[in-house]
Amino acid sequence: MSAMANSYPQAPANWALPDRGKVAMAGLIIAESAIFTIFVVAYLFYVGKSLTGPSPREVLETPIFYTICLLSSSLTVHLAAKSLARDRVGAFLGLWVLTIVLGGAFMYGTAQEWHRLIYEHGLTISTNLFGTTYYSLVGLHAFHVTAGLLMLSMVAIFALVGRVGVQHSRRVEVLSMYWHFVDAVWVVVFTVVYVVGR
Amino acid sequence: MSSNAITVPGVQIDEKPWVDTLHEWVTTVDHKRLGVLYILYALLFLVIAGVEALIIRIQLMFPHNHFVSPEVFNRLFTLHGTTMVFFMGMPILFGFANYLVPLMIGARDMAFPRLNAFSFWLSALGGFLLYFSLVGANGLYGAGNAPDVGWWAYAPLTARAFSPGHSTDYWTLALLVSGFGSIGTAINIIATILCMRCPGMKLNRMPLLAWLNLVMAGMVLIAVSPLTAAQAMLLIDRYLGGHFFDTQAGGSAVLWMHFFWIFGHPEVYILIIPCFAFMSEIIPVFSRKPIFGYPVMVAATLCIGFVSMSVWAHHMFSVGMNSYANSFFTITTMAVGVPTGIKIFNWLGTMWGGRIQFKVPMLFCIAFLFQFLIAGLTGVMLGSAAFASQLTLSYFVVAHFHYTLVGGVVFAVFAAICYWYPKITGRMLNETLGKLHFWLFLIGFHLTFDLMHFPGLLGMPRRIYTYEPGRGWNTLNLLISIGGFIQAIAILLFVANLIISYFKGAKAGNDPWDAWTLEWATSSPPPAYNFASIPVVASRRPLWDLKHPEDPDSRYE
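Here the structure is a predicted model, which means the values were calculated and not measured.

(A) Structural detail: the overall build of chain B. Counting its secondary structure elements, chain B contains 15 helices and zero strands. Rg of the C-alpha trace for chain B: 24 Å, near the compact-globule value of 24 Å for 557 residues, within the 12% margin. Looking at chain B as a whole, 54% of its 557 residues qualify as buried. Across chain B, the fraction of contacts at a sequence separation of at least 24, relative to all contacts at a separation of at least 6, is 81%.

(B) Highlighting the overall build of chain A. When its secondary structure is counted, chain A shows seven helices and zero strands. Helices and strands in chain A line up, N terminus first, as α-α-α-α-α-α-α. The C-alpha atoms of chain A give a radius of gyration of 22 Å, which is well past the 16 Å a tight globule of 198 residues would have. Once the C-alpha set of chain A is aligned to its principal axes, its extents read approximately 75 × 40 × 25 Å. The contacts of chain A with a sequence gap of at least 6 include a subset with a gap of at least 24, amounting to 83%.

(C) Here's a closer look at the interface of chain B and chain A. Each partner contributes to the interface: chain B provides 43 residues, whereas chain A provides 36 residues. Elements that contribute at least two residues to the side of chain B that touches chain A include exactly helix H5 (167–195), helix H6 (208–239) and helix H7 (253–287) of chain B.

(D) A look at the nonpolar core. All names here are of chain B. By size, the foremost hydrophobic cluster in this structure holds 222 residues, and its most contacted members are Phe 364 and Ala 415. In terms of residues, this core owes the most to one element, helix H12 (residues 395–425), which gives 22 residues. Ignoring any residue separated from it by four or fewer positions in sequence, one finds Phe 364 in contact with Phe 411, Phe 414, Ala 415, Cys 418 and Phe 438.

(E) Up close: the packing of helix H2 (residues 31–59) of chain B against helix H4 (residues 113–136) of chain B. All names here are of chain B. Two elements in contact, H2 and H4, have axes separated by 10 Å at closest approach and are oriented at 10°. Our classification of the angle between H2 and H4 gives roughly parallel. Across from His 31, Leu 34, Leu 37, Tyr 38, Tyr 41 and Phe 45 in H2, the residues of H4 making contact are Pro 113, Asn 116, Ala 117, Phe 120, Ala 124 and Gly 127. Class assignment of the residues belonging to the contact of H2 with H4 gives a composition of nine nonpolar, three polar and no charged.

(F) Inspection of the environment of B:Phe401 at higher detail. As for its placement among the helices and strands, B:Phe401 is situated in helix H12. C-alpha separation for the pair B:Phe401 and B:Thr425, spaced 24 residues apart in sequence, amounts to 33 Å.

(G) Quick peek at unusual backbone geometry. All names here are of chain B. Following Ala 155, the chain continues to Pro 156 via a peptide bond in cis, the omega torsion being 0°. On the secondary structure map, Pro 156 appears in the loop between H4 and H5. Note that the residue after Ser 524, namely Pro 525, is joined by a cis bond; omega there is -10°. Topologically, Pro 525 is positioned in the loop between helix H14 (474–504) and helix H15 (542–547). In this structure, Arg 288 is a non-glycine residue whose phi angle is positive, near 55°. Within the fold, Arg 288 resides in the loop between H7 and helix H8 (294–307). With 13 C-beta atoms counted inside 10 Å, the residue Arg 288 sits in the partly exposed group. With a phi angle near 65°, Asn 530 is a residue other than glycine that sits in the positive phi range. You can see Asn 530 is positioned in the loop between H14 and H15.

(H) Representation of helix H4 (residues 64–85) of chain A within the structure. Residue and element names in this part refer to chain A. Counted at 1.5 Å a residue, the expected span for H4 with its 22 residues is 32 Å, and the 32 Å between its end C-alpha atoms agrees. Three or more residues of H4 are buried, namely Leu 70, Ser 73, Thr 76, Val 77, Ala 80, Ala 81, Ser 83 and Leu 84. Following H4 by one or two positions, Asp 87 adopts a phi angle in the positive range, close to 65°.

(I) Focus on the packing of H5(B) against H6(B). Residues and elements named next belong to chain B. Packing of H5 against H6 leaves a shortest axis separation of 8 Å and a crossing angle of 150°. The angle between the axes of H5 and H6 places the two elements in the roughly antiparallel class. Seen along the crossing, H5 lies across H6 with a hand that is left-handed. Each residue belonging to the contact of H5 with H6 can be placed in one class, and the counts come to 16 nonpolar, eight polar and two charged.

(J) Local environment of the environment of B:Ala528. With respect to the helices and strands, the residue B:Ala528 is situated in the loop between H14 and H15. Counting along the chain gives 486 residues from B:Ala528 to B:Ala42, while the straight-line C-alpha distance between them is 23 Å.

(K) Looking closely at the confidence of the model for chain B. Residue-level pLDDT values for chain B average 93, and 97% of them are 70 or greater. The ipTM assigned to the predicted complex is 0.94, against a pTM of 0.95.

(L) Layout of the environment of B:Lys507. Residues and elements named next belong to chain B. Note that Lys 507 resides in the loop between H14 and H15. For Lys 507, a count of 10 C-beta atoms within 10 Å translates into the label exposed. Spatially, the C-alpha atom of Lys 507 lies 31 Å from that of Ile 48, the residues being 459 residues apart in sequence. In contact with Lys 507, other than residues within four places in its own chain, are Gly 426 and Arg 427.

(M) Structural context of the confidence of the model for chain A. When pLDDT is averaged across chain A, the result is 93; 96% of the residues are at 70 or more. Below a pLDDT of 50 lies the segment residues 1–6 of chain A, which in the model reaches nine contacts outside its immediate sequence neighbourhood of four places, other chains included.

Here is what the cut-offs are and how they apply
- Residues numbered from 1 in each chain as written.
- Chains lettered and ligands numbered in written order.
- Predicted model: local features only at pLDDT ≥ 70, side-chain atom pairs only at ≥ 80, totals over all residues.
- Helix = DSSP H or I, 4+ residues; strand = E, 2+ residues; numbered from the N terminus.
- Rg over C-alpha atoms; globule rule 2.2 N^0.38 Å.
- Buried ≥ 20, exposed ≤ 12 C-beta atoms within 10 Å, placed from the backbone.
- Contact = placed C-beta atoms within 7 Å.
- Core = buried A, V, L, I, M, F, W, Y, C linked by C-beta atoms within 7 Å.
- Axes fitted to C-alpha atoms, helices over the stretch in contact; angles between N-to-C directions.
- Parallel < 35°, antiparallel > 145°, perpendicular 65-115°, else oblique.
- Nonpolar A, V, L, I, M, F, W, Y, C, P; charged D, E, K, R; others polar.
- Expected span 1.5 Å × (residues − 1).
- Left-handed = near helix turned anticlockwise from the far one by under 90°.
- pLDDT = per-residue confidence, 0-100.

This is how it looks when you write it as structure tokens:
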């Protein structure tokens, strides 16, 4: 073995490979995209096929404010990651917490909408096909936002006790990739549910 | 897996108690141990699902046979199909990917060792859940039950009204859980191949096994996720009163078929592409020639990966799609045969003019080439919508896909086990037992699956638990069953060979086949750290360069 090791050729001068965290997150995003695609296809396939009411036109209201909250959180998480890469931990923490607040606001909006649909319009997941597909698709997205918020909060807690520094910037960037994905999916869900589906 | 690469003189190492060894294996994050766990786990399920197949064949041996009841027969073919695809096929191929990819690209482990262990135990839990339905499906006080909806579980069979109890739920959960495991492993394989290669191992110098597993892992991400989504929908239907596949409330049973086959067809390529990878590593070594047409092999694999994503509805020609859809899926199905054909010609080109050594792994490879070709030809026949409408749901289809999965995947897996067994255990397999195993299995395989085409052509439908005498199926079915038992005997010989050779086999040394890829540069079995110093490569055959410094491959690249 050692005799062999000595006869290995010279290592190439610049040997750089992609970051494994980012590659893995890209893989996860591809897999998640496939899952969302199937739910979106089911939603579109069943638009207008419900045998009973209520229909989306009657009950859905476009959540413009909360959409703006979620989409702008993509900007804040990006700026937060950039700040950490430049070793500005204070700015990072501020922007990171702002991201959590914006994501939390979005979840509040979803909760409010579901409360209204269930208690005022009597629409549940078993009412009709619209209910089944709506709660599944929006719920799947909300589940991903929740998972993202939990991970963001963990980083925030570590940052508050001063355990996050510039050396963690690559990991934080991986998490920010996930958050961008969650936001991008919302653009699709929003278009399908609140624009096309009505 | 104690290392014999470094021995410290004067230090006596005591034999560890077996509890410690067990603990080490259960908590391991080493890619080689996890690979071995995957393979052993898959072999266990191969035996379980094989016994199920034998019971099915005993039942069909004679007309009006009463060996098992119709209900049990339904459960048997459901368990057999589900087990073979999800708990034998995928794990054994993931096991080899786990074991070989880091060694072949000169890495010390996978990119995420703990994710690797997590994925394995998820898959293991999936298999456990499927078989737990035998005791838990009706609650512990009830008699056992098992899923009986078929491996594709068409709606509305899976609705609460037609599948009471929890057997279908265990089936759903088993696939959901093992699906998460598969996605985790796929992400790990991709990250390992892209980010952990040793210096000089450019993408165009990677062993084909790494390339093909990269494509396979990419397909897992895109193809297994739809199954996960569909299973989630099925759970919503069964537990929350949803209507996705509930035709009474406007839902669609055909949508489930689409979702299932969007997973189901790429899945067979997920199973066969790693087998192509074994062929591409084993055939050159025993032909004493480098692989013919390396770049074309990579291109053909990528091509199969893309095209196979758009062929799924050839499983659904008889459900009443419109003629445009039928034409589209016929054309794409025919098209996927082209890159596959290119591969077969490349392997033949590798063998052509080589000094072929007919060792056991090579015998399995040659049989693979013939059988996979025939399986591909019946696949092209069934890919034609007009022909498929005649023979769909007949034994011709059963014969076709068993020809690909047994004649293809199982033969390739045997080739791989015989080829890498010396690396994994440090011992050679017994060549005589191996040849006996090969010829018995070959005879049994052809007796069963060549003949199985004919009852199909004569109109015997699949999934029937018995049949009338006097339709010309009797003798054929008897011979098919006898072939099944010959295969079972061959597998027993194989298992015996694995066990006997582990204790009594000749010492293998680092490189028993005089091969060219990096896994043969380290000791057998490899130490936990794989390589004492990270290798550097300058060509596609790093070991050739080491053994032939006067004429290295790197001079020609």
